[in-house]
There are 2 protein chains.
Amino acid sequence: MTPITLRLRRIGIDTYQEPVVYMSSECSVGRSEGWEALTRLQVSHASHVVLATLHVVTSDLLGPHEVSLSDAAWRLLGASEGDVVHLSSPPPLESLSYLRSKVYGRRLDPPQLHAIVADIAAGRYSAVHLAAFVTACAGGRLDLDETIALTRAMIDVGERLVWKRGPIVDKHSVGGLPGNRTTMLVVPIVTSLGLTMPKTSSRAITSPAGTADAMETIAPVDLDLATMRRVVEREGGCIVWGGSARLSPADDVIIRVERPLDLDSEGQLVASVLSKKAAAGSTHVVIDIPVGPTAKVRGAEAATALGALFAAVGQALGFELRIEAGDGSQPIGRGIGPALEARDVLAVLRQDSEAPADLRERALVLAGSLVELATGRNPGTGYPFAQGALDRGDALRKLEGICAAQGGMHEPPVAGYRHAVLADRAGVIVSIDNRRLARVAKLAGAPKAPAAGLDLHVRLGSRVEPGQPLYTLHAEAPGELAYALEYQGSSGSSLTIGDPT
Amino acid sequence: MTPITLRLRRIGIDTYQEPVVYMSSECSVGRSEGWEALTRLQVSHASHVVLATLHVVTSDLLGPHEVSLSDAAWRLLGASEGDVVHLSSPPPLESLSYLRSKVYGRRLDPPQLHAIVADIAAGRYSAVHLAAFVTACAGGRLDLDETIALTRAMIDVGERLVWKRGPIVDKHSVGGLPGNRTTMLVVPIVTSLGLTMPKTSSRAITSPAGTADAMETIAPVDLDLATMRRVVEREGGCIVWGGSARLSPADDVIIRVERPLDLDSEGQLVASVLSKKAAAGSTHVVIDIPVGPTAKVRGAEAATALGALFAAVGQALGFELRIEAGDGSQPIGRGIGPALEARDVLAVLRQDSEAPADLRERALVLAGSLVELATGRNPGTGYPFAQGALDRGDALRKLEGICAAQGGMHEPPVAGYRHAVLADRAGVIVSIDNRRLARVAKLAGAPKAPAAGLDLHVRLGSRVEPGQPLYTLHAEAPGELAYALEYQGSSGSSLTIGDPT
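Engineer: If you had to explain the overall build of chain A to someone new, which residues and values would you point to?
Structural biologist: Along the backbone of chain A there are 18 helices and 19 strands. Scaling as 2.2 N^0.38, a compact globule of 501 residues should have a C-alpha radius of gyration of about 23 Å, and chain A matches this with 24 Å. Projecting the C-alpha coordinates of chain A onto the three principal axes gives extents of approximately 75 × 50 × 45 Å. Expressed as a percentage of its 501 residues, the buried residues of chain A come to 59%. Counted over contacts in chain A with a minimum sequence separation of 6, partners at least 24 positions apart contribute 79%.

The structure is reproduced here in structure tokens:
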């Protein structure tokens, strides 16, 4: 079939990551091909090919020989106004039949998973296909072999970093615990002790802030691979956003539908985490699993199962891997939201009297564990090394060095709109709902509005009086502040005040 | 939160059923609310409310106080150019937490399923949410109670027809068998015998033609409820598209993602079929299940399981229901595609010597079964009644009457582009791949191009010589013809020629 040739004209529509192609309903070739709204089309320009969804222009916005693209598709295609592009029907996607197999509950073999992941990484899946894949793999429907194969496929379709020195250490915290910003402490602690930790972090999927979001409030994180390599060579570590590095690029695409679905399954989680680690060249990895009734992992049994899956997949991929389960009954640190979490991190490094002790403690445990894993020391012997690095100020100087190397350090922004939520009775805080708190912080604008979120003034067991502030909402816009307040007022409390026992 | 007020301006973009709202990136209120591309927004105009996906206009196509809508959203909102609309963040959807429960494999109770279905019918689910729901229910992950509850919910959220006379009969063929256009024969046969059969049919989901698509090639099918009622009162039956009647409207929405996923699960299937039947007021229903290696139902065991699910859900909903399993090893009739299937139906009714005998036979079996079910006759006694109605010409006159009442009958269109696919060797047809044939017919343009599809010249067991036509492709455009040819040439044969035994 001869592709259709049309001339590009910019109409300027932003559809986020979803490539859209706009064509006039008067385009006779398109009509004769039977193309209509939502038809998937292949758009080619020089050596670039993009799969896009057709939206049909029914006005005179475009002429019959013109075509336009959503802003994301312009970028992917590297095209300019007036360029000629070719449109054609894409070949049928073989991997969709494997996707259907999985939906019907059948096992997939490694070549089938590789085909799916390759199509995902190349942008050939629509949002509907992605949603079906994520859903079909959720709820424990990927077995161990499938999870290993999925992880390998996700590594194979992207770039892979190779480092001259070793061992390369890394840590990952399984989400669901607001404010758990230990990575920004662990990296400077262990690199100041001589380990190499080239950290690629993610942005928030379903939480109010990812490490990349928090780090971005004090330094640039969107670095290309060459720049990242220079930072690591100079400082021994970095904290960058992994998305632009094309490490496990399928993962970055999958996140697009995990976010609106608020879904992040066990097999996908392990594949996502370990594919990023392997692609970043890591050899020694500590997995932090916070456990609590409203954390992502709710009980000891689930933590054991998830830990075992991490361990098994990690072993298959050749990692040295250790699980550190921890208390996830309440947020760690005080701030929830990118800038507020970065502020807590800086307070710990600067040894402010106000610094949250729980965040410091958890970071020291994880850093100590990494030191032991990487150097073969006995359990418990790593902690004092980590403590020394923090107390001597080495870790603070190291974070300053890393920020400078990444493009320059600045203080995190402060929100313009705040509102304190007060206790309505006297008593003791008997439970904290992490999910509700995270939801409130997101409604206040986090992570898109970096200064937004909330600042928690109490912890489990705190005594409160009527009218005492429980937490302060931070927002960058009055609408978002009102929206978060409306939710927290209508949805039952995030904090439960009980009678003192 | 105060909604934003903006003035509507038409820019003319067709996004099929997916409502999109276009807003300028310069709209300061939108920015302060944190709205960005793909944010879900509630658009209100007078008493109408639509949930739409935001696409951000980054050019001067819209001013900062203007807003536009996709063509579907204009229709849903009943708005005109220059009208003022209100935009706001939609309230969080409670039912998404039930959806996540289902994704994680938990059972849903009737109120939870009702909440999901109500949100779907109201257009509050995005394509991503719909895809997750369909996937989470596929592969046998809805149990019997859930399937009953889903069916009841789908009935409850739509209109329900009440008929003065009874019994109201209906039949449904489980898809997957190309050309199985018996409904257009069963309706005129049984209504000419005095039964009442107000048939609401669907358009194709994943097949080259649905009954509504085929019927539409000879008469209008897009009737409102009042018109449909008049047709049934006059003729005793009708064959209309059910989508505009708002019978089980959630089903019409779900189809939007089943199509790109090529997915149609057992529980969804039963809920879809029986909710439409109950909403249409049917009391006596025959379910036709074709069984064959490449039909939707591949073996006797699967047919028994699906039949049992239909029977159990049917009983819970108060239907008299009978299952008729039949041969699904090859297409029924010769044509595959809307107009070609309608042509076969007319040939049977007109008793042409060329009329496909298998289509006639299957329609008589189903019509006979319906007669027995509705009148309490013994098995086998209904067939002669059906045969008489066909042979006397009563059924032909009845279909002509129904078509006239629906708005006027005409002959089905004929495709302008054809190509015969020839046998490459001598032998006997030993297998027919229904799925591949359906795929070829779809690539040729069916069902969007009504005259497109294919005409099968051989059946299982036919002897063929080299160069003898196996089937003829029909297309309305040369591009589609070429595309179908390319696929059938590259994908292995739809028909297998073996040695005569």
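Engineer: Run through the pairing of strand β8 (residues 169-173) of chain B, naming residues and quoting values.
Structural biologist: Residue and element names in this part refer to chain B. Along β8, five of the five residues are buried, which leaves the element largely enclosed by surrounding structure. Because side chains alternate across β8, one face comprises the buried residues Val169, Lys171 and Ser173, and the other comprises Asp170 and His172, equally buried. Bridge analysis of β8 against strand β11 (residues 284-291) gives five bridges, and the strand direction is parallel. By the bridge assignment for β11, Lys171 is matched with Val286.

Engineer: So, unusual backbone geometry: which residues are in play, and what are the values?
Structural biologist: Residue and element names in this part refer to chain A. Omega for the peptide link from Gly166 to Pro167 comes to -5°, which places this bond in the cis form. Within the secondary structure, Pro167 is located in the loop between α6 (144-156) and β8 (169-173). For Leu38, which is not glycine, the phi dihedral falls at a positive 80°. Relative to the elements of secondary structure, Leu38 occurs in the loop between α1 (28-32) and β4 (40-45). Judged by local crowding, Leu38 falls into the buried class, with 20 C-beta atoms found within 10 Å. Even without being a glycine, Gln351 presents a positive backbone phi close to 55°. A count of 12 C-beta atoms within 10 Å places Gln351 in the exposed class.

Engineer: Can you tell me about the interface of chain A and chain B, naming the residues and giving the values?
Structural biologist: Listed by partner, the interface residues are 51 residues for chain A and 51 residues for chain B. Listed by contribution, the elements that provide at least two residues to the side of chain A that touches chain B are β2 (13-14), β5 (48-57), α3 (95-103), α5 (127-137), α10 (249-261) and α18 (478-490) of chain A. Partitioned by chemical class, the residues of the side of chain A that touches chain B number 26 nonpolar, 15 polar and ten charged. Both β5(A) and strand β2 (residues 13-14) of chain B contribute to a ladder of two bridges, which runs antiparallel. In the sheet register, A:Val57 faces β2(B), and the bridge partner there is B:Ile13.

Engineer: Lay out the pairing of strand β9 (residues 197-201) of chain A with the relevant residues and their values.
Structural biologist: Residues and elements named next belong to chain A. Most of β9 is tucked away, with five of its five residues classed as buried. The pairing of β9 with strand β10 (residues 237-241) spans five bridges and is classified as parallel. Residue pairing across strands places Pro198 opposite Cys238, the latter belonging to β10.

Engineer: For the sheet that holds strand β13 (residues 335-336) of chain B, give the residues involved together with the corresponding values.
Structural biologist: All names here are of chain B. If you trace the four strands from one edge of the open sheet to the other, you get β13-β16-β18-β14, paired in antiparallel fashion. Of all strands in the sheet, those bounded by a partner on one side alone are β13 and β14 (417-422). When strand β16 (residues 453-456) meets strand β18 (residues 469-475), the two strands line up antiparallel, connected through four bridges. Looking at β18, one finds that Leu454 is bridged to Leu473. Strands in contact with helix α17 (residues 434-443) are β13 and β16; relative to β16, the strand with the most contacts, it is inclined by about 135°.

Reading guide: rules and limits
Residues numbered from 1 in each chain as written. Chains lettered and ligands numbered in written order. Predicted model: local features only at pLDDT ≥ 70, side-chain atom pairs only at ≥ 80, totals over all residues. Helix = DSSP H or I, 4+ residues; strand = E, 2+ residues; numbered from the N terminus. Rg over C-alpha atoms; globule rule 2.2 N^0.38 Å. Buried ≥ 20, exposed ≤ 12 C-beta atoms within 10 Å, placed from the backbone. Contact = placed C-beta atoms within 7 Å. Pairing = 2+ DSSP bridges. Nonpolar A, V, L, I, M, F, W, Y, C, P; charged D, E, K, R; others polar. Axes fitted to C-alpha atoms, helices over the stretch in contact; angles between N-to-C directions.

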